[in-house]
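Given next are the chains, with one letter for each unit.
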Amino acid sequence: MKRNIYILLGAVLLVGIALAQNAGDGIAAVFKQEEPMPTETGPRAGLLAPAFSLTAMDGETYSVGGAKDKATFVSFWASWCEPCKQEAPELNRMAAKYKDKLDMYGVNVTSYDKLKDAKAFVDEYQLTFPIPLDEKGTVYAQYNGVAFPTNVLIDSRGVIQEIVLGILPEKELERKIKKLIAN
């Protein structure tokens with residue numbers, strides 16, 4: 001009888017070890033339920049990102065919203081915005097570094113800017129990611145924009161993970177991007 005108990009305990013221990021080794025984030029991952037997909041759309045973390053399509057400076061139309069192969073980073077900006085000028089080189093580096101895992105869009109809110117100034121900004125900072133033009137400010141309004149820059153981090157499921165008003169130190173920005181693409 002004692003021998004059967006030892007055999008049973010040994011089997012349970014071996015199963016536990018096997019689960020722990022194959023669970024990625026540990027044994028808790030085996031029992032962790034996946035977060036349900038939100039059904040509501042809105043401009044805040046945890047909701048589906050409001051969908052939009054805008055024509056960019058390169059003449060292409062870019063769309064945001066819904067599930068995609070990559071995470072998405074949307075930065076709403078204007079050429080006269082001093083923090084936007086500070087952030088532009090960092091965004092360029094992040095767009096290049098994570099191009100295989102992240103779609104970055106620099107949405108110029110042209111209703112608060114001048115197109116010629118926006119083009120000069122893009123040339124000065126040699127931005128390499130798409131620059132969609134929100135000529136009427138409707139997309140910025142959809143996202144309840146109140147400050148420049150406003151950065152929206154959207155996971156590959158199309159769910160907003162975070163909205164950041166203003167700029168972050170480069171290391172903090174990269175940490176947030178890494179977390180976003182890891183999901």
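Keep in mind the model is a prediction, meaning the values are calculated, not measured.

(A) Examining unusual backbone geometry more closely. For the peptide bond that leads from F148 to P149, omega is -10°, which places it in the cis range. Within the fold, P149 resides in the loop between α5 (138–142) and β5 (150–154). Residues other than glycine seldom take positive phi values, yet Q126 does so here, at roughly 50°. Looking at where Q126 falls in the secondary structure, it is placed in the loop between α4 (115–124) and α5. Non-glycine residue N144 carries a positive phi angle of around 55°. Structurally, N144 can be placed in the loop between α5 and β5.

(B) Region of the structure containing the pattern of salt bridges. Counted under the stated rule, the structure contains 9 salt bridges. K70 is the partner of D103 in a salt bridge, and the nearest nitrogen-oxygen pair spans 3.5 Å. One end of the pair, D103, is in strand β4 (residues 102–108); the other, K70, is in the loop between β2 (61–64) and β3 (71–77), and 33 residues separate them in sequence. The shortest N-O distance in the salt bridge between K176 and E162 comes to 2.7 Å. One end of the pair, K176, is in helix α6 (residues 170–182); the other, E162, is in strand β6 (residues 160–165), and 14 residues separate them in sequence. Each of E162, E172, R175 and K176 takes part in salt bridges that share partners, so that together they form one network.

(C) Quick peek at the sheet that holds β4. Taken in spatial order, the 4 strands line up as β4-β3-β5-β6 in an open sheet, and their pairing is mixed. Looking at the sheet topology across the chains shown, the edges are occupied by β4 and β6. The sheet shows a mean angle of 15° between the axes of neighbouring strands, taken without regard to direction. Bridge count between β3 and β4: 7 bridges; the pairing is parallel. Bridge pairing in β4 places W77 opposite N108. Seen against the sheet, helix α3 (residues 82–97) touches β3, β4 and β5 and runs at an angle of roughly 160° to β3.

Reading the values: rules and limits
Residue numbers here run from 1 along each chain, matching the order of that chain's written sequence. Restriction of local features to residues with pLDDT of at least 70 applies here, the model being predicted, together with a cutoff of 80 or more for giving and counting side-chain atom pairs; totals for whole chains, interfaces and linings are based on all residues. To get the side-chain values, take all heavy atoms of the structure and skip hydrogens and water. Here a helix means four or more residues in a row that DSSP labels H or I, a strand means two or more in a row labelled E, and each is numbered from the N terminus. When a carboxyl oxygen of Asp or Glu is within 4 Å of a side-chain nitrogen of Lys or Arg, the pair counts as a salt bridge. When DSSP finds at least two bridges between two strands, those strands are taken to pair. For helices, the fitted axis covers only the stretch in contact; all axes are lines through C-alpha atoms, and the angles between them, taken along N-to-C directions, range from 0 to 180 degrees. Residue contacts follow a heavy-atom distance rule, with two residues in contact if any of their heavy atoms lie within 4.5 Å.

Read these as geometric descriptors, not functional statements.
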